[in-house]
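# Structural features, examined
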Amino acid sequence: MVMGMASVAQQLSGVRWSPVLWRPTQKQRRGVLPIVCSVALANAQNKERLKLKELFEEAYERCRTAPMEGIKGTVFGTDAGGAFVDITAKSTAYLPLQEACIHRIKHVEEAGITAGLREEFVVIGEVEADDTLILSLRSIQYDLAWERCRQLQAEDAVVKGKIVNANKGGVVAEVEGLKGFVPFSQISTKSPGEELLEMEIPLKFVEVDEEQARLILSHRKAVADSQGQLGIGSVVTGTVQSLKPYGAFIDIGGMSGLLHVSQISHDRITDIATVLQPGDILKVMILSHDRERGRVSLSTKKLEPTPGDMIRNPKLVFEKAEEMAQTFRQRIAQAEAMARADMLRFQPESGLTLSSDGILGPLSSDLPAEGLDLSEVPPAEDS
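To keep things clear, this report deals only with the structure shown in the data block.

## Overview of the overall build of the chain
Scanning the chain from N- to C-terminus turns up eight helices and 17 strands. By residue count, 34% of the 383 residues in the chain fall in the buried class. The contacts in the chain between residues at least 6 apart in sequence include a share of 58% that link residues at least 24 apart. Split by element, the accessible area of the chain, about 22,900 Å² in all, is 54% carbon and sulfur.

Next up, the structure:
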C-alpha cells in the first residue's frame, strides 16, 4: 500500500491539471482522491511549521549572536550563583553573579536584584547543554561608566578614587566602577604605593580611551589647586592615615603630610600609638611645603598652649589651634622683617644681598615662593 501511494505521488508529480476540467474515474473516486488530498494537506501543514520554525530560530540566533542588543526580562528567582530571568524565549535565561554588577558583590541582592525585578539585559553567551542564555547587567553598566568618565574629563572634575592595587610604576584606583592607573609621577606624595592601599584620594582624568581600555588618572593635578592654598603657618584639619616609628602620616585634603614625632609635642614621646591612632581627626599647622617633591611637614607642637598639652589635653590644643597659629605667624612675620632688614644692610649699594642659605646674589626683597621652613623656629615660651 505504501509503495502504491509513493507510485501514485510520483506519477502525479509530473502531471499538470486543472481542478475545473479534471473528472475522476470511478476507481479514483473510490481510493486515490482521498490519498492525494491527504498528502497535499500534510505538505501544506509541514511547510507552515517549517516556516514558523525558521522564523523562530532566526530570532533566537539573532538574540544569541548579538550580545550588545538589549532584551527585557523579569527576575523570577535567585540562588547563590546568580538570578533566573524570564525573557519569554524557548529556554530560560540566567544572570551569573559576576555579571550582575560592575562592582564586586557577594550576592545579587546587594545590587538590588530580587524576584519581580524587570530590567534590560544583554545576552553574552549560551549553555549548549540546555540552551540556557547567559545574561549580563555589568556590560551595560560598563558602557555607562566609560561615558560618565568622558563627561567628567570634559568638565575637568575632581573625583574620589580608591587605591586597590600597586606596582612598580604606580597604583591602580577604582573610579566609577572602572580601574584606572595613576603613575607615581602623578602622585603628589612620595609615600610607597603599599601605604596608599585602601585609601581614597582625589583624582583627575588624564586619558579616557574606552577602545584601548586605557584610563589614566592624576593625583597631582587634583590637588594642584588646594596646594596653592596651603600657606606656611596655616591650620588645617587632617585624618591620621598610618603610624611609623618616626611619625604619623596625615591626610589633609587628599595630600599626605608627615607629622614627625618631634613635632607632635614639646614633651618627649617614645611611642606614637599612645598619642595618635589611625582614623583620628586632628588640627595641624603647615610647617613647610615642598611642591617639587610633594612633601608637607606638619606640627601640633607649635599649637600647644603649654608644653605637653598634646599628650595630656589634645582637645584644648585643637580648640586653641587658630589662636596659637596666629601668634606664631606674628612672631614669624617679625623674624622675617628682621632678616630682611639685616640682608638690606649688607652692602646695599652693590645691588647684592645674602640669601637665607648664605649665597651672595642680586638684591631682592622677596622671600622664596614656598616661604621659609619653620620647623626649627623655637616655641613662644623660649623667647
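Don't stop here, the text continues.
## Section: helix α3 (residues 138–154)
Spanning 17 residues, α3 covers 24 Å between terminal C-alpha atoms, matching the ideal 24 Å at 1.5 Å per step. Where α3 is concerned, the buried positions are Ser139, Ala145, Trp146, Cys149 and Leu152. Axial view of α3: buried residues confined to an arc of 140°, hence all on one face. Every exposed residue of α3 that faces more than 90 degrees away from the buried side is listed here: Leu144 and Ala154. Buried positions along α3 lie against β4 (118–127), β5 (132–136), β6 (159–167), β8 (178–183), β9 (200–209) and β10 (214–218). Following α3 by one or two positions, Asp156 adopts a phi angle in the positive range, close to 55°.

## Looking at the sheet that holds strand β15 (residues 295–299)
Read once around its circumference, the closed barrel built from five strands follows the order β11-β12-β13-β15-β14, with strand pairing classed as mixed. Adjacent strand axes in the sheet meet at a mean angle of 50° when their direction is disregarded. Sheet analysis places strand β14 (residues 281–290) next to β15, joined by five bridges and oriented antiparallel. Following the sheet pairing, Ile286 is matched in β15 by Leu298.

## A look at the nonpolar core
Residues Ile250, Ile252, Ile264, Leu276, Leu282 and Leu298 are the most contacted members of the largest nonpolar core, which totals 30 residues. Within the residue set of this core, elements represented by two or more residues are β11 (235–244), β12 (247–252), β13 (255–260), β14, β15, α7 (314–319) and α8 (321–344). Core analysis: the second largest hydrophobic core is formed by 22 residues, Leu152, Val159, Val171 and Leu203 among them.

## Observations concerning the sheet that holds β4
Taken in spatial order, the five strands line up as β1-β2-β3-β5-β4 and close into a barrel, and their pairing is mixed. Averaged over all neighbouring strand pairs, the angle between strand axes comes to 50°, with direction disregarded. Note: strand β1 (residues 70–79) against β4, five bridges, orientation antiparallel. Among the inter-strand pairings, Ile71 is bridged to a residue of β4, identified as Phe121. Packed onto the sheet, α3 meets β4 and β5 and runs at close to 115° relative to β4.

## What about the packing of aromatic side chains?
Counting across every chain of the model gives four aromatic pairs. Seen in terms of ring centroids, Tyr246 and Phe249 are 6.2 Å apart; in terms of plane orientation they differ by 90°. Their pairing is edge-to-face. Classification of Tyr246 by relative accessible area gives partly exposed; the value is 38%. Phe249 sits in the buried class, given a relative accessible area of 12%. Clustering of aromatic rings is evident, with ring pairs tying together Phe76, Phe84 and Tyr94.

## Observations regarding unusual backbone geometry
Excluding glycine, a negative phi dihedral is what most residues carry, and trans is how most peptide bonds are arranged. Within the chain, Asp156 stands out as a residue other than glycine whose phi angle is a positive 55°. By the element assignment, Asp156 lies in the loop between α3 and β6. What makes Asp156 partly exposed here is its relative accessible area of 44%. The phi dihedral of Glu198 falls on the positive side, at around 70°, and the residue is not glycine. Looking at the element boundaries, Glu198 is found in the loop between α4 (193–196) and β9.

## Some remarks on the environment of Leu258
Here Leu258 lies in strand β13. Relative accessible area serves as the criterion here: at 25%, Leu258 is assigned to the partly exposed category. In this structure Leu258 touches Tyr246, Gly247, Ala248, Phe249, Val296, Ser297 and Leu298, once residues within four positions along its chain are discounted.

Calculation rules
Residues numbered from 1 in each chain as written. Predicted model: local features only at pLDDT ≥ 70, side-chain atom pairs only at ≥ 80, totals over all residues. Heavy atoms only, no water. Helix = DSSP H or I, 4+ residues; strand = E, 2+ residues; numbered from the N terminus. Buried < 20%, exposed > 50% of the residue type's maximum accessible area, 1.4 Å probe, protein only. Contact = heavy atoms within 4.5 Å. Areas by Shrake-Rupley, 256 points an atom, 1.4 Å probe, with all protein chains shown as cover. Expected span 1.5 Å × (residues − 1). Arc of directions from axis to C-beta. Pairing = 2+ DSSP bridges. Axes fitted to C-alpha atoms, helices over the stretch in contact; angles between N-to-C directions. Core = buried A, V, L, I, M, F, W, Y, C linked by side-chain atoms within 4.5 Å. Phe/Tyr/Trp six-rings, centres within 6.5 Å; stacked < 30°, edge-to-face > 60°.

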